[in-house]
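# A structural walkthrough
Residue strings, one per chain:
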Amino acid sequence: MPSVTDASTLGDGLRIAREHSGRSLAELSSITRVPSRYLTALEQNDFSTLPNRVFSIGYVRAYAGSLGLDEQLAVERFRRESPDPSIPLQAPVGVAFEEVRRYSPRLIAAGLALVIAVVGWNVFQRVSLMRAPQPSDLAATPESWTLGAVPGQPAALSLSAPRPAPPDQTIPALYITPGLETELTGLDPASREAITAAAAGAPPVQRAFNPRGAIYGASASASQVVIQAREAAGLVVRMADGRVLFARQLAAGDAWRAPAGIAATIDASKWTAFDVYLNGEHGGRLEAQLTPLDQLNTRAQGLARQAASEVAARTEAARVAAVQAQAQLQTVTVQSGVVSATGG
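These lines cover the structure that appears in this document, whether it is placed above or below. Given the structure is predicted, the values throughout are model-derived calculations rather than measurements. Every chain's residues receive numbers from 1 upward, in the order its sequence appears when written. Reporting in this predicted model follows two pLDDT cut-offs: at least 70 for local features of residues, and 80 or more for side-chain atom pairs to be given and counted; totals over whole chains, interfaces and linings ignore these cut-offs and use all residues. Just so you know, side-chain values use all the structure's heavy atoms and leave hydrogens and water out.

If you check the backbone angles, R33 has positive phi at about 60° while not being a glycine. Each helix corresponds to a stretch of at least 4 residues labelled H or I by DSSP, and each strand to a stretch of at least 2 residues labelled E; elements are numbered beginning at the N terminus. Note that R33 resides in the loop between α2 (25–32) and α3 (36–43). Partly exposed describes any residue whose relative accessible area lies between the buried limit of under 20% and the exposed limit of over 50%, with all areas from a 1.4 Å probe on protein chains only and scaled to the type maximum. Given a relative accessible area of 72%, R33 falls into the exposed group. For N45, which is not glycine, the phi torsion reads 60° and is therefore positive. Residue position: N45 is located in the loop between α3 and α4 (53–66). A relative accessible area of 28% means that N45 is categorised as partly exposed.

Below, the structure written as structure tokens:
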């Protein structure tokens, strides 16, 4: 089917397409429901006999669609060949630009006048509000300023030294079972010397590991050594064969859990910026730029065995003390029974 744009006019294109399709005007009229005289007017470019523009565009669209042509191209060509007289002509862009250039000095002058008026009004307001210093109108001191207390008004308050806070009465005193501390610890609660000596000989409580950032490396159950950054610094862990096990720039609070049973070397860009935690307790800082990981794992294992031995010793001492107390209680009970039997 030839295109509607190949012919010299829209009517010629529609007529050529109809003849190519082998249809008559009567057949197309029955298909499009457009009277034959209007289809003839379109083929003859007699647009004056068509009805109003809305119906004419609809006839062109229907006629082109029934012939298999592009409806939008047919409508656009109809609008170009038959312009709408009801739409007024628009002024060229150059004329509008000339109008703007003609009135631009007046617009600039009006804007400057508005700015000057606003600035002048603000200056006038500031100047009008400025006053020269004037003497006070107070002729005499009011009597209430010199007499102190005024009838009907509360007297002046005076502040004294702060008093100590009252003791807290909401927390009851801790109840201690008589003899229980002596049985469990072997210390007399009333003896200050014994308590002081025991406190001096007890190992200090170490600071526990506190996660304050991202944690890398092994899981908590598979690691006894944790290295935490006090400030931003780089940490590289290399294995014995040269492979890099871990490498990262750690921020303050980030930590790395070291796996157990691996031979590696810890390379810290700033070793004083890293804390070492063994079995969850603070074990100091890194002491050198290169630190063998086996050394830290060995320390952690030794501390774990020492702590287990101390717990076992305290448990055994408590068990022996309980057995002795039970034996003493049985002895006292037997002796009381004998005395009662003798007296009877």
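Moving on, we come to α3. All buried positions along α3 are accounted for by Y38, L39, A41, L42 and E43. Structurally, α3 contributes buried residues whose contacts are with α1 (10–21), α2 and α4. Note on contacts: a residue pair qualifies if any of its non-hydrogen atoms lie within 4.5 Å across the two residues.

What follows covers the pattern of salt bridges. By definition, a salt bridge exists where a carboxyl oxygen of Asp or Glu is found within 4 Å of a side-chain nitrogen of Lys or Arg. Scanning all chains against the criterion turns up 11 salt bridges. One salt bridge in this structure joins R238 and D267, with 3.2 Å as the shortest N-O distance. Residue R238 is located in strand β3 (residues 233–239), and its partner D267 is located in strand β6 (residues 264–268); the two are separated by 29 residues in the primary sequence. Taking relative accessible area as the criterion, R238 reaches 36% and is therefore assigned partly exposed. The class of D267 is buried, set by a relative accessible area of 18%. A salt bridge links R319 to E316, with the shortest nitrogen-to-oxygen separation between them at 2.4 Å. With a gap of three residues between them, R319 and E316 both fall in helix α10 (residues 293–343), about one helical turn apart. Residue R319 is classed as partly exposed on the basis of its relative accessible area of 46%. Overall, the relative accessible area of 37% leaves E316 in the partly exposed class. Each of the salt bridges in this network shares a partner with another, and the network as a whole consists of D12, R15 and E19.

On to the sheet that holds β6, then. Strand pairing requires that DSSP identify at least two bridges connecting the strands. Strand order in the open sheet formed by four strands is β4-β3-β6-β9, and the pairing between neighbours is antiparallel. Of all the strands in the sheet, just β4 (244–250) and β9 (290–292) have a single pairing partner and so form its edges. Averaged over neighbouring strand pairs, the angle between their axes works out to 15° when direction is ignored. Lines fitted to C-alpha atoms define the axes, with helix axes restricted to the stretch in contact, and inter-axis angles between N-to-C directions lie between 0 and 180 degrees.

Now for the sheet that holds strand β5 (residues 255–258). By way of backbone hydrogen bonds, the strands of a sheet pair with one another, either parallel or antiparallel. Taken together, the five strands give an open sheet; going across it, the order is β1-β5-β2-β7-β8, and neighbouring strands pair in mixed fashion. The outermost strands of the open sheet, each flanked by one partner alone, are β1 (215–217) and β8 (281–285). Averaged over all neighbouring strand pairs, the angle between strand axes comes to 30°, with direction disregarded. In terms of strand pairing, strand β2 (residues 225–229) meets β5 through four bridges, oriented antiparallel. By the bridge assignment, V226 is partnered in β5 with R257.

What follows covers the environment of P211. Here P211 is to be found in the loop between α9 (192–201) and β1. Along the sequence, P211 and G253 sit 42 residues apart, while their C-alpha atoms lie 6.9 Å from each other.

Moving on, we come to the pairing of strand β7 (residues 274–278). Of all five residues making up β7, five are buried, and the element is well covered by its neighbours. Note: β7 against β8, three bridges, orientation antiparallel. Within β8, the residue paired with D275 across the bridge is R285. Here β7 folds back onto β8 in antiparallel fashion, the turn holding two residues, of which N279 has a positive phi close to 55°.

Together, V115, V119, V123 and V127 line one region of the surface with nonpolar side chains, adding up to about 350 Å² of accessible area. Topologically, V123 is positioned in helix α6 (residues 93–129). Given a relative accessible area of 48%, V123 falls into the partly exposed group. Each patch groups residues whose relative accessible area exceeds 30% and which form no salt bridge, using 9 Å between like charges and 5 Å between nonpolar side chains of Val, Leu, Ile, Met, Phe, Trp and Tyr. For every accessible area listed, the method is Shrake-Rupley and the probe measures 1.4 Å; residues are considered covered only by the protein chains on display.

The values are spatial; any link to function lies outside them.
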